[in-house]
Amino acid sequence: MRINRLYGLALGICTVRGLAFGQGPPPIADPVQEALVPAHISELPIILSGELAYLFSEPDGTDVVHIVGDFGCQLGEDEGQKLKGREGIIWISPQQFDKISYRHLEIYLWRDAEIKELANTVTTGPALFVTLDSKGPLSTSVDEFAYQSSAGTPSFIEATTVRKEVASKASVDTEAAKAWRVFDPTGLGVDDRKPRPKPTIHFQTRGEFKGPISHEGHRVLTVIGRVYLSRGTSGSSDFLEIQSDSVVVFLSGDADLGNAFGGDPPSEPQPTENAGEGKEATSDVARRPRRSDPATRQVLSAGFGQVEVEGVYLEGDVLMTSGPHMVRASRLYYDFSQERALMLDAVVRTLVVQRNIPLYIRAAEIRQLSTNQIAAEDALLTTSEFHTPHYHIGAQRVELVNRTPPELGLGIGQIRAGSYTIRHGTLNIGNVPVAYWPFLRGTVDTSESAIQSVRLGYSDDFGAEVETRWDLFSLMGLEHQKGVDTSLKLDHFSERGPAVGVDAKYERDRYFGLLRSYLIDDGGEDSLGRERDQPSQHDLRGRFLLRHRQYLEDDWQLSLEMSFLSDRSFLEEFFESEFDNEKEQETLLYLKKQRENWAFTALLQTRVLDFTTQTERYPDFGYFRLGEPLGDRASWFSENRLGVVRFRDADRTFLEWLRFGSTENSGTTIRADSRQEVGAPVDVGAIRLVPYVAGRGTVWDDSIDDGGLARTMGLYGVRGSMYLSRVYSEARSELFDVHGLRHIVKPTVTAWGSHSNVDSRDVFPFDETVERIDELDGVTLGMRQRWQTKRGPENARRNVDVLTFSSQLGVFNDAPGDDFTNGFTSFSRPENSISRNFINQAMIWRVNDRTAVLYESNYDLNDRDWDILNVSLAVERTPRFNYVLGYRFIDGSNSNVLALDTNYRLTEKHTIALREAFDLDQGQTLDFTVALIRRLPRWYTAVSFELDEAEDDVGLSFTLWPEGLPQAAIGSRRFTGLANTTSIERR
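Residues numbered from 1 in each chain as written. Predicted model: local features only at pLDDT ≥ 70, side-chain atom pairs only at ≥ 80, totals over all residues. Heavy atoms only, no water.

## Describing the overall build of the protein chain
When helices and strands are counted, the protein chain shows eight helices and 51 strands. Pairs at least 24 apart in sequence give 56% of the contacts found in the protein chain among residues at least 6 apart. About 48,200 Å² of surface is accessible on the protein chain, with carbon and sulfur atoms providing 53% of the total. (Helix = DSSP H or I, 4+ residues; strand = E, 2+ residues; numbered from the N terminus. Contact = heavy atoms within 4.5 Å. Areas by Shrake-Rupley, 256 points an atom, 1.4 Å probe, with all protein chains shown as cover.)

## Some thoughts on the pairing of strand E33 (residues 614-630)
Taken together, the seven bridges between strand E32 (residues 598-606) and E33 define a ladder with antiparallel strand orientation. Bridge pairing links Leu603 to Asp620 in E33. Taken together, the 13 bridges between E33 and strand E34 (residues 634-648) define a ladder with antiparallel strand orientation. Bridge pairing in E34 links Phe624 to Glu639. The hairpin formed by E33 and E34 contains three residues between the paired strands, and Gly631 there has a positive phi angle of roughly 70°. (Pairing = 2+ DSSP bridges.)

## Regarding the pairing of strand E2 (residues 46-57)
Pairing of E2 with strand E3 (residues 63-75), which is carried by 10 bridges, proceeds in the antiparallel orientation. Of the residues in E3, the one forming a bridge with Ile47 is Gln74. Where E2 folds back onto E3 in an antiparallel hairpin, the turn is made up of five residues, including Gly61, whose phi is positive at roughly 95°. Across eight bridges, the pairing between E2 and strand E7 (residues 138-146) is parallel. Across the sheet, the residue bridging to Leu48 is Thr140, located in E7.

## Looking at unusual backbone geometry
Residue Tyr618 is joined to Pro619 through a cis peptide bond whose omega torsion reads -20°. Mapped onto the fold, Pro619 is located in strand E33. Phi is positive for His424, which is not a glycine, with a value near 55°. Structurally, His424 can be placed in strand E20 (residues 418-429). Judged by relative accessible area, His424 falls into the partly exposed class, the value being 37%. With a phi close to 60°, Asp554 is a non-glycine residue in the positive phi region. Summarising the element assignment, Asp554 is placed in the loop between strand E29 (540-551) and strand E30 (556-565). (Buried < 20%, exposed > 50% of the residue type's maximum accessible area, 1.4 Å probe, protein only.)

## With respect to a negative patch on the surface
On the surface, a cluster of negative charge is made up of Asp460, Glu495, Glu949 and Asp952. With respect to the secondary-structure elements, Asp460 resides in the loop between strand E22 (451-459) and strand E23 (463-471). (Patch = residues over 30% accessible without salt bridge, like charges linked within 9 Å, V, L, I, M, F, W, Y side chains within 5 Å. Salt bridge = Lys/Arg side-chain N within 4 Å of Asp/Glu carboxyl O. Lys, Arg positive; Asp, Glu negative; His and termini not counted. Charge placed at Lys NZ, Arg CZ, Asp CG, Glu CD.)

## Focus: the pattern of salt bridges
Taken as a whole, this structure holds 47 salt bridges when the rule is applied. Two residues, Arg496 and Asp526, come together in a salt bridge whose shortest N-O distance is 2.7 Å. Highlighted residues: Arg496 in the loop between strand E24 (484-493) and strand E25 (497-507) and Asp526 in strand E27 (residues 525-526), separated in sequence by 30 residues. Note on Asp526: relative accessible area 1%, which makes it buried. Among the salt bridges present, the one from Asp620 reaches Arg671, with a minimum N-O distance of 3.1 Å. Here Asp620 is found in strand E33, whereas its partner Arg671 is found in strand E35 (residues 669-679), with 51 residues between them in sequence. Judged by its relative accessible area of 1%, Arg671 falls in the buried class.

## Side note on the packing of aromatic side chains
Across all of its chains, the model carries 21 aromatic pairs by this definition. On the basis of an interplanar angle of 85° and a centroid distance of 5.3 Å, the ring pair of Tyr518 and Phe575 is categorised as edge-to-face. Of this pair, Tyr518 sits in strand E26 (residues 511-521) while Phe575 sits in the loop between helix H6 (570-574) and helix H7 (576-581), and the two are 57 residues apart along the sequence. Each member of the pair, Tyr518 as well as Phe575, carries the same accessibility label: buried. Taken together, the ring pairs in this structure connect Phe462, Phe493, Tyr518, Phe570, Phe574 and Phe575 into an aromatic cluster. Its end group placed over the ring of Phe575, Arg543 keeps NZ or CZ at 5.4 Å from the ring centre. (Phe/Tyr/Trp six-rings, centres within 6.5 Å; stacked < 30°, edge-to-face > 60°. Lys NZ or Arg CZ within 6 Å of the ring centre and 35° of its normal.)

## Focus: the nonpolar core
With 43 residues, the main nonpolar core has Val312 and Ile366 as its most contacted residues. Core analysis: the next-biggest nonpolar cluster, separate from the first, contains 22 residues, Leu48, Leu83, Ile92 and Leu132 among them. (Core = buried A, V, L, I, M, F, W, Y, C linked by side-chain atoms within 4.5 Å.)

## Some thoughts on the confidence of the model for the protein chain
The predicted coordinates ought not to be read in detail in places where the model reports low pLDDT. Summarising the model, the protein chain shows a mean pLDDT of 77, and 74% of its residues fall at 70 or more. Mean pLDDT values for the elements of the protein chain range from 29 in helix H3 (residues 280-283) up to 96 in E32. Low pLDDT, under 50, characterises residues 170-179; the stretch is placed with 11 contacts to residues that sit more than four places away or in other chains. Contacts of residues 257-305 to residues separated by more than four positions or lying in other chains number 99 contacts, the stretch itself having pLDDT below 50. (pLDDT = per-residue confidence, 0-100.)

## Here we look at the side chain of Arg696
Within the fold, Arg696 resides in strand E37 (residues 687-700). With relative accessibility at 5%, the residue Arg696 sits in the buried group. Looking at Arg696, its side chain comes within polar contact range of the side chain of Asp673, at 3.1 Å. A polar atom in the side chain of Arg696 sits 3.4 Å from the backbone oxygen of Thr769. Apart from residues lying up to four places away in sequence, Arg696 is in contact with Arg641, Asp673, Ser674, Arg675, Arg711, Thr712, Met713, Thr769, Val770, Ile773 and Glu831. (Polar contact = N/O pair within 3.5 Å; in protein donor to acceptor, adjacent residues only side chain to side chain.)

## Focus on the environment of Phe805
Along the chain, the position of Phe805 falls in strand E42 (residues 798-813). When the C-alpha positions of Phe805 and Gln841 are compared, they lie 7.4 Å apart, and in sequence the two are 36 residues distant.

## Re the environment of Gln373
Along the polypeptide, Gln373 turns up in strand E18 (residues 373-382). Its relative accessible area of 25% is what places Gln373 among the partly exposed residues. Placed 33 residues apart in sequence, Gln373 and Arg340 show a C-alpha to C-alpha distance of 9.4 Å. Those residues in contact with Gln373, other than ones at most four positions away along the chain, are Arg367, Gln368, Leu400 and Val401.

## A few points about the environment of Ala899
Looking at the secondary structure, you find Ala899 in strand E47 (residues 895-905). For Ala899, a relative accessible area of 25% gives the class partly exposed. Here the alpha-carbon distance between Ala899 and Arg888, two residues 11 residues apart in the chain, equals 8.0 Å. In this structure Ala899 touches Val884, Leu885, Gly886, Glu916 and Ala917, once residues within four positions along its chain are discounted.

## A look at a nonpolar patch on the surface
On the surface, Val779, Leu781, Leu809, Val811, Ile839 and Leu861 cluster together into a nonpolar patch covering about 400 Å² of accessible area. Residue assignment for the nonpolar patch shows that the elements contributing at least two residues are strand E41 (777-791) and E42. Along the chain, Leu781 falls in strand E41.

## Topic: the side chain of Ser134
If you trace the backbone, Ser134 turns up in strand E6 (residues 122-134). A polar side-chain atom of Ser134 sits 3.0 Å from the main-chain amide nitrogen of Gly136. In contact with Ser134, not counting residues within four places along its chain, are Ile41, Ser42, Leu44, Ile46, Tyr102 and Arg103.

Quick look at the structure:
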């Protein structure tokens with residue numbers, strides 16, 4: 001029994017792998033045009049599709065195409081014959097038949113293989129091998145090409161093994177009615193395959209034989225005493241061992257045992273390949289008879305002297321193992337002819353390989369329905385080895401199906417594909433059910449369970465917090481759709497109210513996108529810090545966001561965004577990370593066609609949220625061309641825009657108007673803008689210089705002064721760089737693990753001048769990179785330096801950048817003087833630079849493999865003060881102690897913070913984590929968190945206290961999560977990563 005089919009299926013682990021985005025099909029080889037094609041040689045076109053294609057040739061000249069990611073092969077352009085699989089490996093060899101040239105294709109379908117014939121006949125299996133003769137055109141539709149060999153990958157190694165086996169054993173069928181010939185290397189998927197030879201069953205016992213006797217048409221042999229049976233080759237994916245106190249062996253009804261049991265046992269029985277003491281440790285057969293006791297042991301191999309065994313019934317301390325997987329039962333019947341089994345009072349133990357934790361399934365009755373399907377009644381699923389576990393999932397019935405192909409020659413592998421069904425499932429703490437769902441269904445491409453996460457906590461702003469995420473397909477009992485991942489949010493906050501939301505991500509071969517929605521009945525108050533607290537203006541608050549991208553024919557793509565927020569502070573209050581870091585909330589329709597170095601765009605955008613500042617477009621067209629060669633020496637860059645735009649400033653409160661001011665809204669404005677640049681590289685010794693000239697013209701039919709404007713701008717400048725290096729082989733230090741130094745220096749320079757007849761303050765700010773530019777001259781000098789060394793043991797040293805240091809000086813002339821943020825130079829578009837004179841520096845010093853010093857600064861030469869100053873020390877003393885000590889100053893955001901993050905493992909069971917961020921200017925704590933993580937048998941708990949004086953918020957949270965499954969945490973997931981490591985990461 002292949003018990004390795006069970007582990008991930010029982011947990012309901014689900015993810016979705018994305019599909020490929022196809023490009024136009026480039027031909028692999030030219031089609032051969034000949035007449036009078038034999039019937040078994042197809043003339044239909046063959047289209048190969050997938051994500052990534054490796055193209056290479058074998059030493060004998062055979063062309064190989066290895067396509068990774070949802071491989072497809074279509075014969076003909078209609079919805080006719082198709083091949084599918086996770087991966088496809090195709091050998092293409094030229095053939096000749098009666099002066100007719102054609103291709104012989106050998107195709108290996110790996111994982112979830114499927115063949116669709118004419119009349120919708122479908123053949124499936126974990127892995128299939130197909131041969132095809134064709135003289136039709138062969139093309140590909142994949143996302144990327146890699147002109148390199150994939151011969152070292154596991155899938156290619158397996159495919160090569162199967163190909164050799166098929167070549168040696170399979171006869172080529174030239175039946176004209178079939179376009180391709182199918183071979184099943186695993187023996188699991190093709191219904192019309194030839195019967196496989198019965199494997200040998202090895203039998204050992206120290207007990208007493210009774211029989212054989214005839215019973216209901218069967219020959220029955222009974223053995224009382226400890227019995228050991230094995231089948232297959234040790235280490236293979238189908239190796240099986242069974243032990244019990246007694247056994248009844250059912251032989252074929254016409255079996256002639258001859259002298260197999262009629263004479264005395266052999267005086268010197270020969271041990272079978274799997275009967276040695278070497279298997280004691282891995283198969284747990286401590287009571288197996290020893291070789292030193294031949295008088296009490298009878299060894300019968302080769303199917304009981306060439307007698308076929310139909311099945312066995314075992315009773316009393318039954319132990320069945322297959323690799324790392326094990327079943328214990330009081331009684332067990334195994335039908336070898338049908339590969340079915342019945343286990344009573346059974347415990348199944350297997351290993352969740354990705355998480356390195358065991359999984360136990362306990363049930364009164366477990367049935368193996370086939371080699372890749374089981375069903376359990378009144379089942380209990382848990383990771384605890386205790387008979388009464390701390391937690392478990394209970395189910396009236398569990399059905400598990402595994403679709404993972406065997407890993408040929410690699411032994412027993414982990415489950416990668418399959419499905420599960422749970423009926424009347426409950427989540428139990430101790431013996432108390434805390435959650436129930438009548439029907440769950442899911443797939444096992446993943447690490448996600450039906451209950452994706454549970455969070456419990458408390459804060460001043462939200463009160464008692466309960467946040468849950470559920471897999472929507474599993475809850476509704478629906479089949480998971482390929483490329484679609486959905487989550488249902490069910491939350492409740494005692495100070496705010498109940499909330500519900502649906503999130504979805506989808507990705508198919510021609511489109512992808514996301515959906516986010518959330519609705520809360522909110523009666524609380526938003527606490528946004530710094531005297532921004534305000535009561536909710538709506539009882540019902542929420543958001544809706546849709547982003548979709550569709551890949552169309554002829555290199556077109558269409559993007560759609562729709563966003564709605566109930567009020568201006570909702571996103572910042574409930575989804576602060578998205579508010580701070582992600583893309584702006586917009587409603588738009590965007591069309592683009594891109595080929596090689598040019599692109600055409602059309603943007604239609606309207607403002608739905610009146611509390612945001614945005615530019616509306618009705619529509620705005622663009623045409624761009626980059627790096628177009630002009631002869632052998634020059635390149636041309638072109639940017640062009642034409643459209644109807646309207647600037648809409650955010651509706652501001654009175655306090656916001658006093659603090660930020662306001663910008664006048666524009667009317668509907670026709671705008672045209674064009675920028676043309678020509679550059680010509682010149683080498684002066686080791687220096688590469690690129691002189692360039694650019695011209696820009698822009699017109700508006702409306703402006704701030706209620707009149708049309710036309711702007712002309714001219715630019716000229718030079719960009720330059722070079723490399724310098726030197727090796728100091730004598731530089732050595734055992735203290736700093738330095739074994740030689742290589743110093744690499746890259747100086748850069750950018751200098752330009754510009755002239756314009758319009759000031760940016762005279763036009764509406766439709767786009768920062770178009771309207772917010774002015775006549776500006778500047779020079780920027782940069783220097784990037786790297787010191788490299790070799791570190792590690794003498795026989796395994798590696799190159800390391802022990803020190804990197806970058807510095808940049810930027811100075812500007814004729815600056816308008818109204819830029820208040822940090823200075824910045826845009827090398828490709830210098831007119832978009834921020835005109836504050838500055839010195840910028842950044843450094844990383846890797847003192848050793850576990851200690852690093854980081855530094856970053858920006859000094860403003862205009863006001864002679866620091867805009868940015870960051871200094872950090874990161875120390876890793878894994879697995880016990882890690883910390884980061886840092887100072888951060890950002891003038892523009894009034895941030896002057898001293899911070900400490902540290903994790904310390906006190907004992908094997910206890911870990912403490914501390915986070916402190918103190919604002920030196922405000923004299924208050926921005927984030928103080930202390931957490932204690934406790935390890936229990938198959939469980940982790942964490943208790944954390946949080947304080948934020950800036951938002952006047954105090955919180956206490958308790959987290960509980962099972963070992964290996966942090967996404968199912970009950971409570972905050974901030975410190976779940978500390979279960980396995982003390983390293984400090986951004987979470």
